[in-house]
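Notes for the structure review
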Amino acid sequence: EKKKLQSDLERKMTAYHEGGHAIVAHFLPHTDPVHRISIVSRGRALGFTMTPPEQDKYQQTKDELEETISVMLGGRAAEKLIFNKLTGGVSSDLERVTRIARAMVMDYGMSDLAPINYGPMYDYTDYGRAAMEPYTPSEEMKKKVDAQVDRIVQDGWDRALAILKERKTELDAVAQRLLDVESMDED
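Presented here is a report on the structure given in the accompanying data block. (Residues numbered from 1 in each chain as written. Predicted model: local features only at pLDDT ≥ 70, side-chain atom pairs only at ≥ 80, totals over all residues. Heavy atoms only, no water.)

As enumerated under the stated definition, the model contains one aromatic pair in all. Ring geometry for Tyr16 against Phe83: centres 5.6 Å apart, planes inclined by 85 degrees, an arrangement best described as edge-to-face. Residue Tyr16 is located in helix α1 (residues 8–26), and its partner Phe83 is located in helix α2 (residues 62–83); the two are separated by 67 residues in the primary sequence. A residue is classified by how much of its surface remains accessible, and Tyr16, at 8% relative accessible area, is buried. (Phe/Tyr/Trp six-rings, centres within 6.5 Å; stacked < 30°, edge-to-face > 60°. Helix = DSSP H or I, 4+ residues; strand = E, 2+ residues; numbered from the N terminus. Buried < 20%, exposed > 50% of the residue type's maximum accessible area, 1.4 Å probe, protein only.)

Next comes the structure, spelled out in structure tokens:
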């Protein structure tokens, strides 16, 4: 835990960012419950929203992955909705969103493209994974994959923004509570 010297505006933006994650997670049917929210910085993060699974998960459905993307974009959507500004504090969220969306299209066959693995493929031997020359899709196929990834992310963004617009009163309440007490637990 680190006490960073932040301006009042930065603290408020962090509170809305974390509140955005929490509100979106709370109002989606396939997400895990919000366990804790904090605007106390840890490491490089200015705050965090924890939604640990209630039980071990070994696979996720398309609905769950899409909703995870919406939750990850909920922080940025809150910044845009409340401040009409975007910050660089979302880089780890965007990295995870991109990784999930790209895996949905390239590895899991969860797009409008044929259910084919478009990513690198490896040959498995008795001794584990042996590398072989990875499959390289054509430029045309890369464009189709990118379009599907873009669509998945845009749908997640639209879903997050719609929830926050509809639940702005709750978002304001969570952000204000975080500004008052810095951390909130599930109850």
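Alright, that's what it looks like, and here's the rest.
Residues other than glycine seldom take positive phi values, yet Asn84 does so here, at roughly 50 degrees. Tracing the sequence through the fold places Asn84 in the loop between α2 and α3 (91–106). A positive phi angle, near 75 degrees, is found at Glu182, a position not held by glycine. Mapped onto the secondary structure, Glu182 falls in the loop between α5 (168–181) and β5 (183–185).

Further remarks concern the environment of Glu67. You can see Glu67 is positioned in helix α2. A relative accessible area of 7% means that Glu67 is categorised as buried. Separated by 92 residues in sequence, Glu67 and Arg159 place their C-alpha atoms 8.5 Å apart. In this view, Glu67 contacts Leu28, Pro29, His30, Thr31 and Arg159; residues no more than four positions away in its chain are not counted. (Contact = heavy atoms within 4.5 Å.)

The next subject is the pattern of salt bridges. One pass over the full model with this rule turns up 12 salt bridges. When the shortest N-O distance is used, the salt bridge between Asp146 and Arg102 registers 3.1 Å. With Asp146 in helix α4 (residues 139–166) and Arg102 in helix α3, this residue pair connects regions lying 44 residues apart in the sequence. For Asp146, a relative accessible area of 34% corresponds to the partly exposed category. (Salt bridge = Lys/Arg side-chain N within 4 Å of Asp/Glu carboxyl O.)

On to the packing of α3 against α4. To describe two helices that pack against each other, one gives the angle between their axes and the distance between the axes. The N-to-C vectors of α3 and α4 enclose an angle of 125 degrees; their axes lie 9 Å apart at closest approach. Between α3 and α4, the angle falls in the class oblique. Considering how the two elements wind past one another, α3 and α4 form a crossing that is right-handed. In this structure, α3 contributes Val97, Ala101, Arg102, Met104, Val105 and Met106 to the contact, and α4 contributes Val145, Asp146, Gln148, Val149, Ile152 and Val153. Classifying every residue of the contact of α3 with α4 by side-chain character gives nine nonpolar, one polar and two charged. (Axes fitted to C-alpha atoms, helices over the stretch in contact; angles between N-to-C directions. Parallel < 35°, antiparallel > 145°, perpendicular 65-115°, else oblique. Left-handed = near helix turned anticlockwise from the far one by under 90°. Nonpolar A, V, L, I, M, F, W, Y, C, P; charged D, E, K, R; others polar.)

Two numbers describe how α1 lies on α2: the axes approach to 7 Å, and their chain directions differ by 135 degrees. The angle between α1 and α2 places the two elements in the oblique class. Crossing geometry of α1 relative to α2 is assigned as right-handed. Here Leu9, Lys12, Met13, Tyr16, His17, Gly20, His21, Val24 and Ala25 of α1 lie close against α2, whose contacting residues are Ser70, Val71, Met72, Gly74, Gly75, Arg76, Ala78, Glu79, Ile82 and Phe83. Looking at side-chain class alone, the contact of α1 with α2 contains 10 nonpolar, six polar and three charged residues.

Another point: the nonpolar core. Formed by 43 residues in total, the largest nonpolar core has its most connected members in Val24, Ile69, Met104, Val145, Leu164 and Leu178. Elements with a minimum of two residues in this core: α1, α2, α3, α4 and α5. Per-element tally for this core: the top contributor is α4, with nine residues. The residues contacting Leu164, other than those within four sequence positions of it, are Gly20, Ile23, Val24, Gly74, Ala77, Ala78, Leu81 and Leu171. (Core = buried A, V, L, I, M, F, W, Y, C linked by side-chain atoms within 4.5 Å.)

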